[in-house]
Protein chains: 2
Amino acid sequence: MRRLVLSILVENTSGVLSRVAGLFSRRGYNIDSLTVGVTQDPSMSRMTIVAYGDDQILDQIKKQLSKLEDVKQIVELPLGDSVCRELVLVKVESTPQTRASIIEIADIFRAKIIDVATESLTIEITGEQAKLQAFTELLLNYNIKEIVRTGLTGLMRGNDDIHKLLEQ
Amino acid sequence: MRRLVLSILVENTSGVLSRVAGLFSRRGYNIDSLTVGVTQDPSMSRMTIVAYGDDQILDQIKKQLSKLEDVKQIVELPLGDSVCRELVLVKVESTPQTRASIIEIADIFRAKIIDVATESLTIEITGEQAKLQAFTELLLNYNIKEIVRTGLTGLMRGNDDIHKLLEQ
């Protein structure tokens, strides 16, 4: 089992998300996360998909995706040679006694307090998945009221962009 | 036309993303962004969907979503009373001449430089959509090589969580 991070360029049509998601669910492939957003060219969107599986399944996923008409490019983001980030918002229960220690944890992780209420703090944090997991595990001691995550997105390190990688 | 930010709690099944996305595309509703991630309860995920439309269409969207079996809760995040954030990674062309001014722009927006190469800088920025748009518009002067976005995610402000809002 390994982790696959795919960066795919798709046409920005109303059906593309449902077709890509449908391909995964019909074949029983598990998506760990999927994010999508328009690129510098408004007619194109870029999706970042994280999936786990053995090499055979991951190869199948890539082949099946490349058959979709809306999918223009598929690139696997190399683990050591890409920057991947996710955004998480966490609302944690806080009391006058616990507030300072929660803020301390947030500071250590360079997270931002974005809302303060009488009984809760809302924290914004970005990072790779290991960092985010360490952070949320620490907060479990304080009762997490709500957590929302965007899923992972990423780019290749260095000057190359995905178009160049495809030309090679 | 107004903007709708829906926070929906769904069962964490392999088909739920495809069913929700399919509902939008079959009816020709345009999704501006969709993010999904597991919650503190691993059997449940939370999706944040941004859509534009008139009141009638947005009401239809909510009704149709509530008919899906996987969908457990639907809440519209109130515009002034919620914190919404998106994560964007931008790779910008840079030269020894332009590097300093790009870093200056990043600093003003509290963005982070996460990769430096001979001919490019990669920047991580989070914020609400207006801030992100202002930032990317400024960078257009420097040739954006690549841009990836996660889509918007959000939480209610204050102590209330979405479960409480539903009980009211």
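In this convention, every chain numbers its residues from 1, walking through the sequence in written order. As they are written, the chains are lettered A onward and the ligands numbered 1 onward, keeping that order. Only residues with pLDDT of at least 70 get local features here, since the model is predicted, and only at 80 or more are side-chain atom pairs given and counted; chain-wide, interface and lining totals rely on the full set of residues. Hydrogens and water are ignored here; the side-chain numbers use all heavy atoms of the structure.

Caption draft 1: The arrangement of the pattern of salt bridges in detail. Residue and element names in this part refer to chain A. Salt bridges are counted wherever a side-chain nitrogen of Lys or Arg sits within 4 Å of a carboxyl oxygen of Asp or Glu. According to the stated counting rule, one finds 22 salt bridges over all chains in the structure shown. Close ionic contact of K72 with E11 constitutes a salt bridge, the shortest N to O distance being 3.1 Å. One end of the pair, K72, is in strand β4 (residues 71–76); the other, E11, is in strand β1 (residues 2–11), with 61 residues separating them in the sequence. A single salt-bridge network, built from bridges that share partners, covers R2, D55, K62 and E76. Where helices and strands are cited, they refer to DSSP runs of H or I of at least four residues and of E of at least two residues respectively, numbered from the N terminus.

Caption draft 2: The arrangement of the relation of the copies chain B and chain A in detail. The copies are overlaid by a least-squares fit using only the C-alpha atoms of residues whose pLDDT is at least 70 in both copies. Placing chain B over chain A gives an RMSD of 0.0 Å and needs a rotation angle of 180°, together with 0.0 Å of translation along the axis. Accordingly, the operation relating the two chain copies is best matched by a two-fold axis. Residue S18(B) of chain B places its C-alpha closer to the rotation axis than any other residue of that unit, at 2.5 Å. Same-surface contact between copies: 100% of interface residues of chain B are shared with the interface of chain A. Contacts between residues were defined by any pair of non-hydrogen atoms, one from each residue, lying within 4.5 Å.

Caption draft 3: Representation of the domain arrangement of chain A in the model. Residue and element names in this part refer to chain A. For chain A, the assigned domains are domain 1 (2–76) and domain 2 (83–153). Listed by partner, the interface residues are 9 residues for domain 1 and 6 residues for domain 2. Per-residue buried area on domain 1 facing domain 2 is highest for R3, T35 and T48; these three make up 58% of the total on that side. Linking domain 1 with domain 2 are 0 salt bridges, by the criterion used here. In the analysis that follows, any N or O atom pair within 3.5 Å is treated as a polar contact, provided that within protein one partner can donate a hydrogen and the other can accept it, and provided that, for residues neighboring in sequence, both atoms belong to side chains. Across the domain 1-domain 2 interface, the total number found is 4 residue pairs in polar contact (both at pLDDT 80 or more). Secondary structure elements with two or more residues in the side of domain 1 that touches domain 2: β1, β2 (31–38) and β3 (44–53). The element that contributes the greatest number of residues to the side of domain 1 that touches domain 2 is β2, accounting for 4 residues. All residues other than Ala, Val, Leu, Ile, Met, Phe, Trp, Tyr, Cys, Pro, Asp, Glu, Lys and Arg, Gly among them, are scored as polar; the first ten of these are nonpolar and the last four charged. Of the residues assigned to the side of domain 1 that touches domain 2, the class counts are 4 nonpolar, 3 polar and 2 charged. Where each domain starts and ends follows an automatic or database-derived domain assignment. For any pair of parts, buried area is found by adding up, for both, the accessible area (1.4 Å probe) each one loses once the two are put together.

Caption draft 4: Geometry of the packing of helix α3 (residues 99–108) of chain B against helix α4 (residues 129–139) of chain B. All names here are of chain B. Between α3 and α4, the least distance of the axes is 11 Å, while the angle of their chain directions is 175°. Taken together, α3 and α4 sit at an angle that is classed as roughly antiparallel. Packed against α3, whose contacting residues are I102, I105 and A106, the element α4 presents F135, L138 and L139 at the interface. Lines fitted to C-alpha atoms define the axes, with helix axes restricted to the stretch in contact, and inter-axis angles between N-to-C directions lie between 0 and 180 degrees. For classification purposes, angles smaller than 35 degrees are called roughly parallel, those larger than 145 roughly antiparallel, those between 65 and 115 roughly perpendicular, and all remaining angles oblique.

Caption draft 5: Summary view of the environment of P42(B). Residues and elements named next belong to chain B. In this structure, P42 sits in the loop between β2 (31–38) and β3 (44–53). Residue classification places P42 among the exposed positions, given a relative accessible area of 62%. Considered as a pair, P42 and L65 are 23 residues apart in the sequence and their alpha carbons are 21 Å apart. Each residue is placed in one exposure class: buried if its accessible area under a 1.4 Å probe, protein chains only, is under 20% of its type's maximum, exposed if it is over 50%, and partly exposed if it falls in between.

Caption draft 6: Summary view of a nonpolar patch on the surface. A cluster of nonpolar side chains, contributed by I103(A), I113(A) and V116(A), occupies part of the molecular surface with about 210 Å² of accessible area. Structurally, the position occupied by I103(A) is in helix α3 (residues 99–108). Each patch is built from residues that are more than 30% exposed by relative accessible area and take part in no salt bridge. Like charges join if they lie within 9 Å; nonpolar side chains (Val, Leu, Ile, Met, Phe, Trp, Tyr) join within 5 Å. Residue exposure ignores everything except the shown protein chains as possible cover, and the areas themselves are Shrake-Rupley values with a 1.4 Å probe.

Caption draft 7: Broad picture of the sheet that holds strand β1 (residues 2–11) of chain B. All names here are of chain B. If you trace the 4 strands from one edge of the open sheet to the other, you get β2-β3-β1-β4, paired in antiparallel fashion. Of all strands in the sheet, those bounded by a partner on one side alone are β2 and β4 (71–76). When strand polarity is set aside, the average angle formed by the axes of neighbouring strands in this sheet is 20°. At least two DSSP bridges between two strands are needed for those strands to be called paired. Bridging between β1 and β3 involves 10 bridges; their strand directions are antiparallel. From the neighbouring strand, I8 faces β3, where its bridge partner is M47. Each of β1, β2 and β3 touches helix α1 (residues 16–26); the most contacted strand, β3, lies at about 15° to it. Seen against the sheet, helix α2 (residues 55–67) touches β1, β3 and β4 and runs at an angle of roughly 0° to β1.

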